[in-house]
Each structure stands twice: as structure tokens, then as C-alpha cells.
Amino acid sequence: MGRGLAFVAIAQAVGWLALAPRGAWLGATFDLCSRWRALAAAALGVALLAIAWRLHAHGVELDPDAPWRAAPQTWVGRVLIAQACVVAAALVASRTARTATLGAVLAWLALAGTALSGHAVAADVSPWLSAAAIAHVMVAGAWCAALGPLLLLHRAASAGHVTRPWRDVLARFSRVALPAMLAVVAAGTVVALWSVGRWPALFATPYGQWLGIKLAAVVGVFASAAWLRRWLARPAAAHRPAGRALAIECALALAVVGAAGTLADIVPGAHDAITWPDAFRWAPLDAWRLHAPDMVAPLVGAAAAIVVGGLVGLRLRRRHAGLAWGGAGTGVALAAALALPAIAVDAYPSTYAAAVTPWDAASIAAGAQLYERHCSGCHGRTGRGDGAAGAALPVRPANLTEPHVGWHTHGDLWWWITHGIAGAPMPGFGAVTTDVERWQLIDWLMALSLGHEARNLGTRVLSRAPWLPAIDLRWTDAAGREHALSDLRGREAALVVLIHDARELDRVRALAASPPGPGARVIVVAAPPIAAQLEPAAGVDVAVDADGAIAAAWGHYRRTLASPDLRDDAPLVARIEWLVDRFGFVRARWRADEAPVFASADALRAAVAALAAEPELRSPDVHAH
Amino acid sequence: MTARGLRAVSAAALVASMVLAPAAHAHSWLVKSEPRAGATLAQPPAEVVLVFAEAVEPAFVKIAVHRDGKPVQPAPVPVLAADAKSATVPLGAAAGPGAWSIDWRIVARDGHRSNGTLRFVVKPR
């Protein structure tokens, strides 16, 4: 509450002080300067109280026994103290007419404190985000500053206490306000994109819902501003309705500030758990993949409705404007009624839930064991829907090795595994598995699905085309320190070499003698008996795969177009190498049985150098659908 | 609507939006740690590194280290990185086999609080 109150009070003081020396220009018949400086001083006094209240509340959260000592030890506390100092300086400056403008500038600068103590700046993500957040608050403050004085001027003009036509004042404000508000919206959009994160958060988190309230109020502000601009364009228009529109704009501005203050206090949508509120979601691509034939007729109908509605509107626009709008509107409404259900797919509360497991070999291995225990009876040992228990079911269990698994969100899969699928024989396993176990199962299902996609991997790196997320793997070095492939993220590429045959160790020795370059590490994955034969070498890490989990997980990525190799009892390949870029994507693969002539050391070094020059193009988070 | 009515509605809207604002949640969390959560190590680590999603307040990083349920004495003092996004907890002489838990409690730079527990096991082979 303190944040919004301080903002409104400081902004109002900016307005009073900025206009206080302009009494002569406004043609005031009273001592406008003294009166408005007094108003500003009162507003600044309220702001100081609000800041002090906020500082105390912040201190109580940190240390209830010594709130005033705790608060200055934090960034927020120091920002609030600095803000209070600048507000106090503005208060001093408001005492004389000569320094009123200085007071306005100081008060305006104090508004920056609102942004500096907010999430976007305090999180210290990037200077651009901080600059956008500060610009958003300060330009919005300048706009807000003008509203109070404008309302008062309207009343004074009505009573004849101000001789300059109110219309002139309003026209001057309007010229500046529109570009200022567009700048506020642009900067606010940058901050909102970061703080909301994913679009479902707009609908399914308190942050998104409050942002919606704020946006609705902003739309109202623009609507009342547009009405005022039209009013200004009409020379003989009445005086009074414009005052009402301005009052509405002021009320909406307060709603915007109130919603903004709330947004600053709650968890940004990007950091909040998403519980989807509806039984459907609009997802054209997913809908097309899942039921394309059913979509054709409604989409064609929707397009026809738009065309017909548009033609009717164009035809009638000169003679019957009302009918024209009605025709076009009916076309759009009909198109929406046809198209929106067609592009909808089923959704559940967990549809956008975030996985609690890492995308790593251990999780996939645990998922494989859970699958064996709970699922293989119906879905078959290798996931192709050919289990003995499934044969008697009225609906054949899904073939989980097909790409459709990856077309659903992971949260949808979680819901089905937990609660079962309504109208299908698939039961829920929520009572016999833990939350973490169901996410591990999903990791295993994703490995199956991505393994199918991995057939498209080649032996050459395709420039700027990362798409297959590497599976994290861990190893312990000779000193007992634990390492992970993900530790290299943002720093080094990796050549993951999976060895099933000790005769292939010569390749590792060759790599040790001629490493793939300074920007890449070699990580050898081998069972203990093979790993034991490998002598330590600089630049080569050895992940001893005691339980076979890494080989099993990465084995999903063995499939090629030449060896689709869908059966898991296929013979093991003696050696497979995958080149992983520094952002965690598998970019190329060589199988010893398919590409006996490996990329030369020079070619490998060139590929690593090319990858090192690539920027980050996307997140390797397999759980982000 | 009259001007007085508008004033009343706008004041009510502002007060309502401020009063109805939900209480601040904690939203700065552990994104990574060394050792990792749930890890089983052959040798005890010399230190534990906690990496947070955002910068935290150095004066309000509280760590409690337990080994097999008992508080480790003397209590390790966390050292914060220059960017205030990670804390290193030296285990020193206390490092040894057992079930370890690191309770952490932080205040993010935007003033919100967060807490959690990192668990790992040291089991010599």
C-alpha cells in the first residue's frame, strides 16, 4: 500500500510544483503559486509518511526486534532512505517560489525509487531491463503528475478564477501525453514480458490477473484520452463533459497505480506455479497435430465468415454505417465461434506445471524402472503398446515410441499418469507413485520420444540449428569432486563418447593426444571394467557408468535413419560420439558401425570453433513445452 | 455519475486494490547447488555452494548445517560471491560421512524472503 500511496503523492507534488510558477501564464486571479506549493508540500509530507511506513514494514519483516536497524542493511531499505532524502529536499525546495521548479525536478527524480526497489531492478538481471523499469515508472509519474493540476484548473476555469482557456491547457497536455503514454506502454511491455515469463501465466497466476486488471485500466485511460482529443477537435463543444472525461481518466489512473503497486508486491508470473483454470487451451499447432481432419471444415467456415462479413461491411459502409459495422462484427463473431473450438485442445490444472526432476540420466533411469513396474504390462516392454495385459482392453494402449508423446505438454502427461484418462482404460497411478516418480516416468517417456526424433541427427553440425537437448550426466573425478555436463553450460562444448567395447579405447587415446580444441571437453562414458583400462589423460573426463544409467539414457539418442533401431534389445553399438554445444544441445553424432571414418581432428576442431561462435538461440529445457 | 461519485469510486478502487493485494510470497529460490540435491558422494565435500535465482541480501543469508540430524559445531559461516547470487558454506573439519542437510534462509534483493533445505549423503565406497 505504501508504494502506491508514495507514488501518487510524489507525482502530484511534481505536478503542483511544476505549474506553481506559471500562475501568470495561466491567468490566475488568485495566488496560485503559494497555494499550489502548499498542496505540493502536503503531498510530499504524505509521501514521506508512506515511505517511512514502508521502511518500517520492511524492517519488521527482516527483524521484528530491531526494524529500523535491519532495514538499512538491504538494497530496498537503502533505496527507500535515499528516496525519503530526495523527497525531503523537494519539500525544502517547495518553500519558495524561486526553487519550486527545482522541487519539481527533485520530486520527479524521487519517483525512480519506486522502480529501484521493485523486482525488475533489484533482481539485477540486465541493465536494459532496469532501464526499462525506471523509464516506465518515471514517464508514467510525469503523466500522473499532470492529472491533479488539470482537474483543479478545470474547476478554477469553470469558476472564472483562471482566464487562460482551459481548452488551451488541455491541448498542450494532450500533445505531450500521447507519446509519453506510448513510451510508458513500450517500457512496461519489456518489463511485463520478463516478469510474466510464459503466456499461460497471464491467465493462471495472480500476477497475470492483476496485470490484466492494470491493462484494462490502461485501455480505459487511452479511451478517455481519445474522447478528450476528439472533444478538443470540436470548437463549440460544451465545457462540462470534458471535465467528466478527465475525472474518469484520473480515476482510471488511480486504478492503474493501485494495480501496479500490487504487482510489485506479488510473485512475478515467471516465478509462480501455474494452475490452469480451464478444461481447454487454445493451441493451433497442437490441435492440428492431434486432430487435423476435424479442423478443416470449421477453419474454412471461419475464413468464409470473415470474408462475407468484410464484404458486407465494405458494401454498406457509405449508406448504412451501423449495418456495415453490424455485418462485419457478425462475421468476426461467427468466425470466432467456429475457429476457437477447433483450435482448442483439452487442458488440465497441471497442463503448464513445471517438472520437479532434472533432465538427467538418473531421472530417466528411475523412470524406466517405474515404467517396467507400472506400465509395461499394457504398453509393452519397449513402449509400443503391445503388452499382454493391453491385448484384452477395448482400446489398444498408446504406442509410446511415436512422436505424439512429445506433442502433449508434460503437465498433461503428468495429469493422465496421476488421474488416468477419462473415457479410456488408462487408470491413474497417483495412489501408488510419488509426485517425483511420475515426473521421472515422464522423463523416460520424453527420452523415448526424443529418441525417435534423434534419428534426424547427422554427422555434420548444422549451423544455428539446436533442437535436441542433451541429457545431463554426472561423474566424480579422482579427487572425489562431482561434475556434471550441465556445469559446462555457457562455457564449453563437450564430446560425449559412449564406449561399449574396450577395443574402442584407442579412439579415446587419440582424442587425448589430439584434443578437439580449447572450447571443448571429452567425456567418456564406460562401464567400470572398461573405464578401469583407461589411463588418466588431461582434457578427458571419465564417467564410470556403474549402473548403466547413462548408457541407457543416452542410448535413446543412438537411433539413426539408417538404423531406426526401435527395439531396445538391439545389439549395443561399440562406440557412439555426440557433440554437445555449450548451451546443452546435441549437434552431431557418429556411430562406429555407421561412420567408421570419423571426422578428422581438424574437422572436429573446426566444428567446435563454429559452435563457439554461435550465440545462445534457445533454452535447452526439455520440460518447457 | 457525479464528480463526487467519481471521486468516491476512485478512492475506493485505490484503497481496495492496495488492501486486497495478496501478501508477498517468497520467490527467490535455489537454482543449483554443489553437491546437488539428493547426491550421494563417496567423499565429503570441503564446501557446499548454493546458487540462487537472483541476487540476495548478504546480511540476511542464514545457513544451518546438520549432519545426521545434529547441528554441526562450530556453525559454518557462509561466504557470499561478489554478485550476491551464490553462497559458499565451508564444511572444514566437520566434513565426513553421513546424511547432510543445509537449511538456507535468504532475503532476495527486492525484499522478498525464501527458504529451503538441501540434502545430500556422504557414503564412502
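Residues numbered from 1 in each chain as written. Chains lettered and ligands numbered in written order. Predicted model: local features only at pLDDT ≥ 70, side-chain atom pairs only at ≥ 80, totals over all residues. Heavy atoms only, no water.

## Description of the side chain of A:Thr418
All names here are of chain A. Just so we agree on the cut-off: The secondary structure listing takes helices from DSSP runs of H or I that are at least 4 residues long and strands from runs of E that are at least 2 residues long, numbered from the N terminus. Think of it in three bands: residues with accessible area under 20% of the maximum for their type are buried, residues over 50% are exposed, and the middle band is partly exposed, with areas taken using a 1.4 Å probe on protein chains only. Contacts were defined at the residue level, with two residues in contact if any of their heavy atoms lie within 4.5 Å.
With respect to the element layout, Thr418 can be found in helix α18 (residues 410–419). Note on Thr418: relative accessible area 10%, which makes it buried. Excluding residues within four positions of it along the chain, Thr418 makes contact with Gly428, Phe429, Gly430 and Arg438.

## Description of the sheet that holds strand β3 (residues 47–52) of chain B
Put simply, the rule reads: Two strands pair under a simple rule: DSSP has to find at least two bridges between them.
Strand order in the open sheet formed by 4 strands is β1-β3-β7-β6 (chain B), with antiparallel pairing between adjacent strands. Where the open sheet ends on each side, the last strands, each with one partner, are β1 (30–34) and β6 (79–80) of chain B.

## Thoughts on the packing of aromatic side chains
Residues and elements named next belong to chain A. The condition is simple: Between rings of Phe, Tyr and Trp, where Trp is taken as its six-membered ring, a pair exists when centres lie within 6.5 Å; planes separated by under 30 degrees are stacked, by over 60 edge-to-face, and by other angles tilted. The rule for a charge over a ring is simple: NZ of Lys or CZ of Arg within 6 Å of the ring centre, and within 35 degrees of the ring normal.
Under the counting rule described, the total for this entry stands at 16 aromatic pairs over all chains. With centroids separated by 5.3 Å and ring planes inclined at 70 degrees, the aromatic side chains of Trp16 and Trp36 adopt a geometry described as edge-to-face. Pair noted here: Trp16 is in helix α1 (residues 2–19) and Trp36 is in helix α3 (residues 32–62), with a separation of 20 residues, a long-range link. Of the two residues, Trp16 and Trp36, neither departs from the other in class, the shared state being buried. With centroids separated by 5.8 Å and ring planes inclined at 75 degrees, the aromatic side chains of Tyr348 and Trp416 adopt a geometry described as edge-to-face. Of this pair, Tyr348 sits in the loop between β2 (344–346) and α16 (361–374) while Trp416 sits in helix α18, placing them 68 residues apart in sequence. For Tyr348, a relative accessible area of 16% corresponds to the buried category. Take Trp416: its relative accessible area is 16%, and that puts it in the buried class. Joined through ring pairs, the aromatic side chains of Trp199, Phe203, Trp276 and Tyr352 make up one cluster. Geometry around Trp231 places Arg167 over its ring, the cationic atom sitting 4.4 Å from the centre.

## A short note on the sheet that holds strand β7 (residues 520–526) of chain A
Two modes of strand pairing occur in sheets, parallel and antiparallel, and in both the strands are linked by backbone hydrogen bonds. Residues and elements named next belong to chain A. Spelled out, the test is: For helices, the fitted line uses only the C-alpha atoms of the stretch in contact; every axis is such a line through C-alpha atoms, and the angle between N-to-C directions lies from 0 to 180 degrees.
One open sheet holds the 6 strands; their spatial order is β3-β10-β9-β6-β7-β8, and the pairing between them is mixed. At either end of the open sheet lies a strand with only one pairing partner, and these are β3 (468–469) and β8 (540–544). Judged from the 6 bridges that link them, strand β6 (residues 493–499) and strand β9 (residues 575–580) form a sheet pairing that is antiparallel. Along β9, the bridge assignment pairs Leu498 with Ile576. Lying on the sheet, helix α23 (residues 601–613) is in contact with β6, β7, β9 and β10 (585–591); it crosses β9 at an angle near 30 degrees.

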